[in-house]
Amino acid sequence: MHATAAAVLGATPIGSREAWGWRGRTLSRPVATASGESWLRLVSAPADKAGGKLWEGPQEAERLMPPAVPRPRLRERRTWIEGEHGYLAELYDKITAPTVTTHEPILRKAPDLDNAWWDGITTALDAIATIPSNRVAVRQEYLDRAMPQYLGIPIDTKAPAWTTAHGDLHWANLTGPTLTILDWEGWGTAPAGYDAALLHSYSLLVPDTAAEIRRRLGHILDTPAGRFAELVVITELLQTTTRGDNLDLEEALRRRLSAITR
């Protein structure tokens, strides 16, 4: 199907590199087109689930996100159904800078990122938060149900504030040394500070980087809303550990939970 998508979009795969998404849901490859090298991403889903928020996210980001948010530009897209599966093909400008981590969102060693990178992520998060959207990344109903369950404490689950968020801001979705923010499927409203809290939580195994995030994004994290956002993210990541994901983070997440609630 990736080869079919390439033919439809007038693209030819380059080399043997393949980038597979979470549990094989997507396949991306560099391609050549008449206007230069590009990146072709193909999403698959059962035909009855081929559509909705995740499929429309990149197109909506292309339409609404300002230049202050560095991201791959979406050139073309196609959707179709074949048999029992639906497909979404997206042709992007090729980004040459590598992602900070390659195969997982968790940071395991300190990245070499300069002031321009940190200034860029700060500017981008502030810009994203101001974009009006009726898209939803995190639902209040989820917080009501999941936070008491996975945090294991009585807690007021009402978010102090809501803003627009990327929704999946981890190290495998960020490039360096030149900043680009990838993967705009799930963006939408979330508790204020959600993106900064997610990046911080995925950095807990590298204390120096976690401290740098708190220093650079303190205007977001060191607020009541920011602390609540951390609890939201800890809830989500502790839930993933029950499915066998992010197990290395569990102890650090529980330490951070204790520090916040103390």
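Given the structure is predicted, the values throughout are model-derived calculations rather than measurements.

Participant: Got a minute to help me understand the pattern of salt bridges in this structure?
Facilitator: Two side chains bearing opposite charge may form a pair once their charged atoms approach each other closely. Summed over the entire model, instances satisfying the criterion amount to 19 salt bridges. A salt bridge links Glu185 to Arg41, with the shortest nitrogen-to-oxygen separation between them at 2.9 Å. Taken together, the positions of Glu185 in the loop between strand 7 (162–165) and strand 8 (188–191) and Arg41 in strand 4 (residues 36–46) put the pair 144 residues apart, joining distant regions of the chain. Each member of the pair, Glu185 together with Arg41, is buried. As a salt-bridge pair, Glu104 and Arg108 come within 2.3 Å of each other at their nearest N and O atoms. Given a relative accessible area of 26%, Glu104 falls into the partly exposed group. A single salt-bridge network, built from bridges that share partners, covers Arg25, Arg41, Glu90 and Glu185.

Participant: Help me understand the environment of Asn246, please; the structure alone is not making it clear to me.
Facilitator: Relative to the helices and strands, Asn246 is located in the loop between helix 8 (224–241) and helix 9 (250–261). On the basis of relative accessible area, Asn246 is assigned to the buried category, the value being 16%. Separated by 140 residues in sequence, Asn246 and Ile106 have C-alpha atoms that sit 7.8 Å apart. Sequence-distant contacts of Asn246, defined by excluding residues within four places in its chain, comprise Pro105, Ile106, Tyr202, Leu237, Thr240 and Thr241.

Basis of the calculations
Residues numbered from 1 in each chain as written. Predicted model: local features only at pLDDT ≥ 70, side-chain atom pairs only at ≥ 80, totals over all residues. Heavy atoms only, no water. Salt bridge = Lys/Arg side-chain N within 4 Å of Asp/Glu carboxyl O. Helix = DSSP H or I, 4+ residues; strand = E, 2+ residues; numbered from the N terminus. Buried < 20%, exposed > 50% of the residue type's maximum accessible area, 1.4 Å probe, protein only. Contact = heavy atoms within 4.5 Å.

Note that all results are geometric; they support no functional claim without further evidence.
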